[in-house]
Amino acid sequence: MDDDEGGMYAWRNPWFRRSLVSLVALAVVSILVGFVWLPSVHADYTAGGIWAAICRAAGVPSSWGDKSAPKEGQRSTDVVLDRSMARAAAPDAVGRGATLALNCTMCHGAQGMSMSNAPNLAGQYPEVVIKQLHDYKTGKRSSAIMEALSARLSEQDINDLAAYFASLPKARTAPTTYDETLPALVRVGAPLRNVAPCIACHGGVDQKFGAPWLEGMPKDYLTSQLKAFAKGERHNDPEAQMRNMARTMTPKEIEEVSTFYARKAPPAQ
Ligand code: HEC
Ligand code: HEC
């Protein structure tokens, strides 16, 4: 029997035909789900394009080495985080920042501890305040109030404000340290859903540069941010790291982690 007859023989076999047809059908269905249905139900699913979505799913960067690759307007932020943002500031910077911060006390509290639902700024890492103010200023993060206020701030103003808030007595709940009683998402994340433990980035075990200090924040602020990430309404997180995690969280989980982080406890020593 030569090869050709072998091929014919295989095709005449009904089992072979059936498995080939199901394979093709399966491929078509997966393509429809992945490229048509998912993008249509999830506005943010194809953020940055199909290619970026595939790369995100596979966990590889969508552009190797080419920093200019994402198109203008699609980038989540214009801020390039730099260790120098966290350098101890000169005393006169803190003084200038304190004066500027008089415009902020109405909502963020006299000592950076909010009495309303605005985020606490006391002790917040300076690179976080710098990045967020720039993101409001460039419209990468939206908030009617903060976009208007940050539009008037110069680079120098932003740096001085960040220095001032970082210098405030840290009347905040100390960063979470590992302990068996922490909520599961905070402690171990949800590996099957690609959710890393919160403490791996937000202090406690490790503090990822640019990840905000969450402990003691108003609970409503935390829930609103997680919901905004999940819906893609807040999209200034680099590589969509918060969006991808928040999207997989149930309302109950969002409630649980927000309650946990909003707890009031003794400040850091
Ligand atoms: C009228 C109230 C109000 C005033 C005044 C105000 N803020 Fe805000 N600020 C807010 C609210 C509300 C948010 C959260 C907005 C959101 O959901 O993005 C916020 C968010 C921020 C954030 C982001 C914090 C984080 O954890 O992500 C920073 C930084 C900030 N404000 C700095 C300032 C500075 C500096 C000033 C003074 C120049 C100021 N704000 C004045 C209400 C205010
Ligand atoms: C891989 C690191 C990483 C992990 C894990 C992570 N985060 Fe974040 N998170 C960040 C970064 C970075 C930001 C700041 C994004 C930006 O630049 O706006 C952020 C921002 C936030 C904010 C907004 C805070 C503010 O002040 O505006 C909340 C709330 C938050 N994360 C909650 C969580 C929770 C809850 C978990 C665990 C389920 C978690 N994060 C896990 C990196 C992480």
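A. Spotlight on the coordination of the iron atom of ligand 1. Of the protein atoms, only His108 (NE2) and Met146 (SD) coordinate the iron atom of ligand 1, at distances of 2.0 to 2.3 Å. Metal-centred angles of 86 to 178° between the six donor atoms at the iron atom of ligand 1 mark the site as octahedral. Linking His108 in helix H5 (residues 105–108) with Met146 in helix H7 (residues 144–151), this pair joins segments that are 38 residues apart in sequence. Summarising the burial analysis for this pair, His108 and Met146 share the class buried.

B. Expanded view of the packing of aromatic side chains. All chains considered together, the criterion is met by three aromatic pairs. A cation over a ring is seen here: Arg263 above Phe260, with NZ or CZ 4.2 Å from the ring centre.

C. Representation of the coordination of the iron atom of ligand 2. His202 (NE2) and Met242 (SD) make up the full set of protein donors to the iron atom of ligand 2, lying at 2.0 to 2.2 Å. Between the six donor atoms coordinating the iron atom of ligand 2, the angles at the centre fall across 85 to 178°, so the site counts as octahedral. Taken together, the residues His202 in strand S1 (residues 202–203) and Met242 in helix H11 (residues 241–246) connect sequence positions 40 residues apart. An identical accessibility class is assigned to His202 and Met242; each is buried.

D. The packing of helix H4 (residues 91–100) against helix H8 (residues 155–167), seen in detail. The N-to-C vectors of H4 and H8 enclose an angle of 95°; their axes lie 7 Å apart at closest approach. One way to sum up the angle between H4 and H8 is to call them roughly perpendicular. Across the interface between the two elements, Ala93, Val94, Arg96, Gly97, Ala98 and Leu100 from H4 touch Gln156, Asp157, Asp160, Leu161, Ala163, Tyr164 and Ser167 from H8. Taken together, the residues of the contact of H4 with H8 sort by class into seven nonpolar, three polar and three charged.

What counts and how
Residues numbered from 1 in each chain as written. Chains lettered and ligands numbered in written order. Predicted model: local features only at pLDDT ≥ 70, side-chain atom pairs only at ≥ 80, totals over all residues. Heavy atoms only, no water. Donors = N, O, S within 2.8 Å, 3.2 Å for Na, K, Ca; no water. Tetrahedral: all angles 85-135°; square planar, octahedral: opposite > 155°, others 65-115°. Helix = DSSP H or I, 4+ residues; strand = E, 2+ residues; numbered from the N terminus. Buried < 20%, exposed > 50% of the residue type's maximum accessible area, 1.4 Å probe, protein only. Phe/Tyr/Trp six-rings, centres within 6.5 Å; stacked < 30°, edge-to-face > 60°. Lys NZ or Arg CZ within 6 Å of the ring centre and 35° of its normal. Axes fitted to C-alpha atoms, helices over the stretch in contact; angles between N-to-C directions. Parallel < 35°, antiparallel > 145°, perpendicular 65-115°, else oblique. Contact = heavy atoms within 4.5 Å. Nonpolar A, V, L, I, M, F, W, Y, C, P; charged D, E, K, R; others polar.

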